[in-house]
Structure formats: C-alpha cells, structure tokens
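Summary of structural features
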Amino acid sequence: MVVLPCPAIAQNITISGPGDRFAPMDAVQNSRMDFNLFLLGSRDSHTTDLQSPSGSVSKLDLKAPGKARREYEQGYQRLMRRDLEIAIEHLAKSIAVYPQFVAAHNALGTAYLDQGQNDLAHAQFAQAVALDDHLPNSYLNLGCAELALKQYPAAEESLRKASSLAPLDIQLQLALAYSEFVNQDYPALLATTRGVHEKKHEGASVVHLFAAGAWEAQGNLSEARREMETLLNEDPKSASADRFRRLLEEIKTQQARREEAKVHPVQRVTVVSRVPAGPTPEQAERQRQLLRQQEKQQSQIADAEAAPDPTCVDCGATIGVESLSDHASASGAKEPGGTSPRPTFRMSVDEVSLFFAATDHRKSVTDLAASDVVIRDDRQPPSAILGFRNESQLPLRLGLVIDTSESITGRFAFEQAAAARFLQDVVAGKDDLAFVVGVNNSVLLVQDFTPDQALTSRAVNQLAPGGGTALWDAVAFAADKLAAHPEVQPVARILVVISDGKDNSSATTLKQAIARAQRGEVAIYTVSSQDERQDDPGTLLGQHALKTLSELTGGTPFAPGSVRHLDHSLADVQQVIRGRYLVSYKPASFQRDDRYRTIDIAAQKDGRKLTVFARKGYYAAAPQPASDER
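Bear in mind the structure is a predicted one, so any value in this text is a computation, not a measurement.

The rules behind these values
Per chain, residue numbering runs from 1 following the sequence as it is written. pLDDT decides what is reported in this predicted model: residues at 70 or higher carry local features, side-chain atom pairs at 80 or more are listed and counted, and totals for whole chains, interfaces and linings draw on all residues regardless. Hydrogens and waters are ignored; side-chain quantities use all the structure's heavy atoms. Only DSSP runs of H or I with at least four residues qualify as helices, and only runs of E with at least two residues qualify as strands; both kinds are numbered from the N terminus onward. Relative accessible area decides the class of each residue, using a 1.4 Å probe on protein chains only: under 20% of the type maximum gives buried, over 50% gives exposed, and in between gives partly exposed. For the area figures, the Shrake-Rupley method with a 1.4 Å probe applies, and any residue is considered shielded solely by the protein chains shown. As used in this structure description, the phrase polar contact means that two N or O atoms lie within 3.5 Å; if the pair is within protein, one of them must be able to donate a hydrogen and the other to accept it, and residues adjacent in sequence are counted only when both atoms belong to side chains. A pair of strands counts as paired when DSSP detects no fewer than two bridges linking them. Residues count as neighbours in contact if any of their non-hydrogen atoms are within 4.5 Å of one another. What counts as an axis is a line fitted to C-alpha atoms, over the stretch in contact for a helix, and the angles between N-to-C directions run from 0 to 180 degrees. Aromatic rings from Phe, Tyr and Trp, taking only the six-membered ring of Trp, are treated as a pair when their centres fall within 6.5 Å; an angle between ring planes under 30 degrees marks them as stacked, one over 60 as edge-to-face, and anything in between as tilted. A helix is expected to reach a length of 1.5 Å times the quantity of its residues less one. A pair is scored as a salt bridge if a Lys or Arg side-chain nitrogen falls within 4 Å of a carboxyl oxygen belonging to Asp or Glu. Along the chain, pLDDT gives the predictor's confidence residue by residue, from 0 to 100. We define the nonpolar core as a collection of buried residues of types Ala, Val, Leu, Ile, Met, Phe, Trp, Tyr and Cys that are connected through side-chain atoms lying within 4.5 Å of one another.

For the protein chain, the helix and strand inventory stands at 19 helices and 18 strands. Burial status across the protein chain gives 58% buried among its 630 residues. For the protein chain, the exposed area adds up to about 26100 Å²; of that, 49% sits on carbon and sulfur atoms.

With respect to the helices, strands and loops of the structure, Arg615 is situated in the loop between β17 (611–614) and β18 (617–619). For Arg615, a relative accessible area of 6% corresponds to the buried category. Among the polar contacts made by the side chain of Arg615, one reaches the side chain of Glu521 at a distance of 2.9 Å. In this structure the side chain of Arg615 is engaged in a polar contact, spanning 3.4 Å, whose partner is the backbone oxygen of Gly617.

With that out of the way, let us pick up the sheet that holds strand β8 (residues 396–403). In space, the six strands of this open sheet follow the order β10-β9-β8-β11-β12-β13, with mixed pairing throughout. Two strands close off the open sheet at either side, each with one partner strand: β10 (443–450) and β13 (557–558). Here β8 runs beside strand β9 (residues 433–439); their pairing, made up of seven bridges, is parallel. Counted as the bridge partner of Ile402 is Gly438 from β9. Contacts between helix α15 (residues 453–462) and the sheet are confined to β8, β9 and β10, with β10 contributing the most and set at about 170° to the helix.

Another point: the packing of aromatic side chains. Aromatic ring pairs are reported here in terms of the distance separating the ring centres and the angle at which the planes meet. Applying the stated criterion to the full structure yields ten aromatic pairs. Judged by centre distance (5.3 Å) and plane angle (20°), the ring pair of Phe356 and Tyr581 falls under stacked. Of the two residues, Phe356 sits in strand β4 (residues 352–360) while Tyr581 sits in strand β14 (residues 580–586), which places them 225 residues apart along the sequence. Like Phe356, the residue Tyr581 is buried in the burial classification. Linked through ring pairs, Tyr72, Tyr76, Tyr98 and Phe101 together constitute an aromatic cluster.

Our next topic: helix α8 (residues 186–197). An ideal rise of 1.5 Å per residue puts 16 Å on twelve residues; α8 measures up with 16 Å between its terminal C-alpha atoms. The complete set of buried residues in α8 reads Tyr186, Ala188, Leu189, Leu190, Thr192, Thr193, Gly195 and Val196. On its buried face, α8 is in contact with α6 (152–165), α7 (170–182), α9 (207–217) and α10 (221–234).

Here the focus is the side chain of Asn390. Along the chain, the position of Asn390 falls in strand β7 (residues 384–390). Residue Asn390 is classed as buried on the basis of its relative accessible area of 11%. Engagement of the side chain of Asn390 in a polar contact is seen with the backbone oxygen of Thr366, the distance being 3.1 Å. Ignoring sequence-local partners within four residues, the contact set of Asn390 consists of Thr366, Arg578, Gly579, Arg580 and Tyr581.

On the secondary structure map, Gly66 appears in helix α1 (residues 66–80). Sequence separation of Gly66 and Val97 is 31 residues, and the distance between their C-alpha atoms is 9.7 Å.

Our next topic: the pattern of salt bridges. Counted under the stated rule, the structure contains 24 salt bridges. For Asp242, the salt bridge identified is with Arg245, shortest N-O distance 3.0 Å. Placement of both Asp242 and Arg245 in helix α11 (residues 241–259) is noted, with a separation of three residues, approximately one turn of the helix. By relative accessible area, which is 35% here, Arg245 ends up partly exposed. We note a salt bridge from Asp360 to Arg608, for which the minimum N-O separation is 2.7 Å.

Our focus in this paragraph is the confidence of the model for the protein chain. A residue-level look at the protein chain finds 77% of positions with pLDDT of 70 or above and a mean pLDDT of 78. Here residues 7–46 is modelled with pLDDT under 50, and outside its nearest four sequence neighbours on either side it reaches 161 contacts, counting other chains as well.

Attention now moves to the nonpolar core. Side chains that are nonpolar tend, in soluble globular proteins, to be buried together. In terms of nonpolar packing, the biggest core is built from 105 residues, with Met228, Leu398, Val496 and Tyr525 touching the most fellow members. In terms of residue count, α7 provides more of this core than any other element does, nine residues in total. Discounting chain neighbours no more than four positions away, the residues touching Met228 are Leu209, Ala212, Phe244, Leu247, Leu248 and Ile251. By size, the runner-up hydrophobic cluster in this structure holds 31 residues, among which are Val401, Val437, Val439 and Val443.

Structure representation (structure tokens):
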C-alpha cells in the first residue's frame, strides 16, 4: 500500500497573475504550479490508478509484522484526514518496527511534503526507491519532492522513470510533461505531449498549455496558438476555459505585435489547481459488482469469438499479407490506443507469412517438412509454397505478462517462482530478448527488453500482489511493444500471459487486445493460474477468456488445474514455442479487396493427425497510395 503525494494534474486548473489580471503568453515558460495539486487526498476522477493504496505494491511490505502494519494503517488514516502530526507519529513508529516498510516511507514522505518539510519528504521517498526500485509511485513521489525543492533536472529524471515503469498511465505522463516544462526541456516536453495526445487522454488536456509555453519559449507563436486552440477544443468546459480563451487572444495579439517588431511586457503566471479533499465512498454491494464484471466479461468473450466481418472496417490496421522483404521491418505499431499502420508492399507478388505450432498429444512436433502440412487459404490451396522453416532457428522476442492483482494473492508465490524459472530456461539464445510486465490496476513495465536472465528474474521477484486487473490493457501494450521493436531479420514474437483471466479494470476490450496481437503477428500463450477445484463461475469465465485470447492469436492455452502445476505447463509452453514453424506462400485467386480470408492448416506425421495452432485468417487489405513513410 503506497501513498502518493502527486496524483498528477487534474482538470480544474486556473491561471492567475498579479492582481488577478490576465497574464500574457510570454510568462507561461516561467510559470510555476501550486503544489496543492500534488498533495495526497485528491479523488478527482482523472487521477492515476497508482494513487490507490493497492496501485503498486512492494514485496517487502507483505513481510511487515503486525505491529508495524497497525501503526501504518493508523498513520495512513490520519494522513487521509490531514491530521499530519499524529500521522507522522504513527508512521515513524511503523518504520522503527520495520525499516523496510516501503509504503510507510512513502506515506511519511507525503505527510512531510504536505507540511512543507520538503527535505525530510525527499529523504523518505529516496529511501523507498532504494528499498524497491521497481515501483512507479515511489519515483512519482520522489519527483514531486524534487519539484518542491526546485531540483528540476532530478525531478524530470524521477518522473521519466515512473512513466517508463507504468507506460500506460496518462497522468504520470502529464506529471512528466510538467517536470519537462519547468526544467525547460522543451523538445522532450513536445514529444511527451504528442504521446499523450495520440491516446485517450480525458483529464490531461492541460498538457497542451505546457506545450504552448514550450513553443512560445522557442519563438513559435503559431504552434503555441495551435496548442491553445487544441486545449480549448478538448476541454471547453474547464474551470479555466475563459482565461484560456483570453490567453489565446493574447497569443494572437502578440503575433500581430511581433510582426510590428514590438515586444510585449512579461508577467508571471501562477497555475493553481483546486483539488477536492476527502476520499470517495467505496463501492457498495461487492457481489453485485462481481456479477456485473462477469456479465461484462461474458459479453466481451462473445464479441471476440463472433465471426469476423466479411470486409475490413479498419484496414489501415490490417495484418497478414505482406512481402517477405517487409517482414523484418514492418514494426510500425503505434502506442496503445493508436492504430497500427498498413504494411508497405515492395514486391509485385503478395505473400502470406504464417506462424504455426503442431503437437501430438500435447507434445511438440519439431521435425515437420513442408510435405507434412496442408494449407487452405480462403478454402483454396496456395498457388505456391515460398518458404518453410522451423522457428527454433529464429531469435526469440518474448513478452511475459504476470497478473499481480489481489485475486491471485494466495497463488502468487507459486506463479512468481515458476515464471522466473521459465524465463531462465526459454531466453537462452544469444540473440533472444525478453521483457516483463506486471499488471493489476496499472500496467507496469518492470523490465524492458534484455537478454539478461538475471534482470528478468529479478524483475519477476520484485512484484507483489494487490489491486484489480487491467489484463487486456496489459496484453495490448505488450503486443504493441513486441510489434514495434526494430528488427533486421525475422524473429519469433511470443507473448506469455500468466493469469486467472479475470479482467475488471481495462479500458481495452478482449477483442481489441486480440486485434492488436493479430496486427503485430504476436502469438499469445496463456497459462491459467486458477484452481479448477474452486466452484466459482468467474473461474470458468476467466479460463474461457484466456482460451479465446490464445486460440485467436495462433497460440495455445494451458490450464494446469492447480497453481502448483505451473512449472509443468510453462515447460509445455517452452516446448511449443521452440517447435513453431514459419511458412510463407502465395495465395491463390488473391485480390486486395479488404475481404476476410480464412486460413486452415492441417498436419500429419507418420500417419498421425496432429493438432495445429495458428491464426484463423486475415483481411486482404486494399492497396494504399505509395508513401515512403513507415
């Protein structure tokens, strides 16, 4: 349970200058932000999920003795009520009993920051990071203290680290943008603004105010004006909308004056956030909530399993047919929430490149030849087989998504140990790379692409359970990350998901997550951590969702039945991964008409029919105008 003093920047921002006079645009680059907007206690609907006590949990905190936890809980409640002196007393006692209590260090730092004792706050947050360096909220807290101390370069570094650990959290990116703004790192700020704007960013429109200041500081009033117009278009009902409009008019005036070579005097701008105090009431009737979640998940499964549309409705994001010359370089997947670009065709003959795996009674078959395989594309045999090889020859790009939600708490230790051993076994080639994502309410990139088994194992072992489950968000993010990694040769893109399949926090649907994986040629292998002996409708739904996710992306679902059998299932995953094949062929009667074409693959060996895992089809995207852009 970690307390955040920086819930990021809420929508209700006002701008004021001396005497409440309107401040000209020249002063935006020198403005400051009132630290009320960073204090714990905001329950604005647009704050980060990491603000919640279960948003990001340290494994060390699970070992806290009862006395330390009781002192912490009393201190936390006092802190939420702004009874700071008593909160500090309880939290200090908690740390005295258990010095490795990361949440207590963060909470104590919050209390100090709320009192204006910024040096003491910084020391507590730095200690939280030193104890556990994979928690984004600790870096967020540290960055807030550094902002308060006007250590702007350090604040930007801390908030960039927080954002890298929780890459889908828009409010973290907004906090990062503010740090870049006050540090006058304008190129970085503009890049962050573009990233925020490309995604769904309700409540984060104020990032355009910072961008306007950056453009103005670089003498580009036209772009500053455009950013302010975007801000007003996105958030016309902001509490500061009238002042934003006056600021926009001032930019226009400055443009005219600059044309006349006149300089407008500068005034300081203060940006103030009015943060509502007090926590929101917890949702009542837990059982009704669970039923609603189950109904939602059932609907999403049905939507994902429904027959594909006859023609593509979003063929700008179509996959499946590309020239082999582009196979290694078509890695243009955008960030989560965006649309992947259409592959570029450089050859006159269209080819389908398809990965599949074959098993015989769940044992991988690794010695198939092209003659053992029968392919039907749109119910017709290909006009030509152009290539066939075992994928064990290809470098591995592996993403591992681990469910760290509260629902798997009792099984997490087994899940964690099995995952660490799996990574050590499977990422063994000299060119193999892997990354690790933990998911509860938030998506945490705890280890980026690396060939180092020690780093991936360490990342897995640092995770701790708590919070809800944004599983489909994590799957979509990881699939995009695999697809976007630059390659100079064909690689095997594999995503392994260890979860009970119970999603209750995602903005992304199951169908959208599957589509993102299909676009990036990512096969998803799911391993259920659920105990099948539990008589729970949610268990069956979770396993059904995982099965759908795997089968529609060309992967394989594994349901060991008990978390204690995870090792065995992950060993099966490893065997299937290393037994996959890459086949390329020219489809017969092929036309780029945006129509969905089915794929069916059958295989046999020594007279035995094999079980084949492959994607079910693709849209034949209509050609786009030639472009050199990727």
